[in-house]
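# Observations on the model geometry
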Amino acid sequence: MGNQSFFSLVKKGNKSSFFAMVGNGILAIAKGIAYFISGSGAMFASAMHSLADAVNQGFVFIGSVLSEKQPTEKFPTGFGRVINLFCMIAVIVVSIMAYETIREGIHLLKHPALVKGIWLNVSVLLLNILIDGAILYKVMKEIGQEARAERTGMGIFTGAFKNVKRASPPTRLVFYEDLVAVSGAVLALIAVLVSYFSDYQLLDGVVTIVIGFLMVGVAFRVGYDNMVGLIGVAAPKEVEDRIASAIFEHEAVIDIFKLRITQEGRYYHVESYLELKRGLPLSEADDIKFAIQDNLMSDPDIADVTLGIIEDDGIQEWKGSNPEPQ
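Residues numbered from 1 in each chain as written. Predicted model: local features only at pLDDT ≥ 70, side-chain atom pairs only at ≥ 80, totals over all residues. Heavy atoms only, no water.

This part is about the pattern of salt bridges. Tallied over the entire structure, the rule returns seven salt bridges. Here Arg-221 makes a salt bridge to Asp-225, at a shortest N to O gap of 2.6 Å. Of the two residues, Arg-221 and Asp-225 are both situated in helix 8 (residues 203-231); the distance of four residues between them amounts to about one turn of the helix. By relative accessible area, which is 28% here, Arg-221 ends up partly exposed. Under the relative-accessibility criterion, Asp-225 is labelled buried at 10%. Here Arg-242 and Asp-301 are joined by a salt bridge, their closest N and O atoms 3.8 Å apart. Of this pair, Arg-242 sits in helix 9 (residues 237-248) while Asp-301 sits in the loop between helix 10 (282-297) and strand 4 (302-311), and the two are 59 residues apart along the sequence. Assessed through its relative accessible area of 23%, Arg-242 is described here as partly exposed. Residue Asp-301 is classed as buried on the basis of its relative accessible area, which comes to 13%. (Salt bridge = Lys/Arg side-chain N within 4 Å of Asp/Glu carboxyl O. Helix = DSSP H or I, 4+ residues; strand = E, 2+ residues; numbered from the N terminus. Buried < 20%, exposed > 50% of the residue type's maximum accessible area, 1.4 Å probe, protein only.)

Written out as structure tokens, the structure reads:
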């Protein structure tokens, strides 16, 4: 790991996945106790669900730690895409969980479970909503931080949905999974109460199947995001405009002839050809290039910058929302 210590890498790991791992571990224990006391098959399935979520988020957290490792001679572009691999493993786990959840729902439709220990089950589901709700709130704030669009109040909620595509792969995964976890716990709470206080016993199975299909949606969404991440995906338009604006801050830059920004994990790789004022000596042009390069590298989201410089050709190439050429 070169000059990087193990603990320095762990500190850089994705916090959302770590807290989700701990939270789901606590829920798995609580639901397991509730199952042993009440004998509820639905609670057993829910306990296994939380346990699988905890293991899942553990994989993602490990992947986020390894992705922070600095480039080496053998791997000069770094390890940013390692997190995509671990998230793909998580997608497999979610898919298996979705299948088992749907199967359990079908079983409950055919053989409705007798609800016992109603208030114990209600208490555990309320704990589920509280813990997963807190994790969801935290990950929504983290999305705002990673997208550099922090908000307050209800803006945290709306901003998370708007900017989730600009968040890192593990943060996106936790966000989607916890949306299902919170909504699933609310639906399960309604199903338990309805099943206990009425003669309608099928709602438990229906809700379980609905949760299973929500998990299928998460698997497809996260699987697609990480598949394109492994291939190499262009940075969002907002990031491209932000980097272009930083380049145009230097008065000698007339135009951007070419700009390519590739997202790898939560980091960006920048390649660009810049058009500078005519008549600049080579030594001065080099100084300008290195100054722009240093400025861009001060951005914590940028892993590396490769710049080329050419003389202005009088044709405006860059069409983005940036300042007019000098």
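Anyway, onward from the coordinates.
Counting buried positions along strand 3 (residues 267-276) yields eight of ten residues, so the element is predominantly enclosed. Bridging between strand 2 (residues 253-264) and strand 3 involves ten bridges; their strand directions are antiparallel. Within strand 3, the residue paired with Leu-259 across the bridge is Ser-272. Alignment of strand 3 against strand 4, held across nine bridges, turns out to be parallel. Counterpart to Tyr-273 in the pairing with strand 4 is Gly-308. For the crossover that starts at strand 3, traverses helix 10 and ends in the parallel strand 4, the hand is right-handed. (Pairing = 2+ DSSP bridges. Right-handed = clockwise from strand over helix to strand, strands pointing away.)

Any functional reading would require information that these geometric values do not contain.
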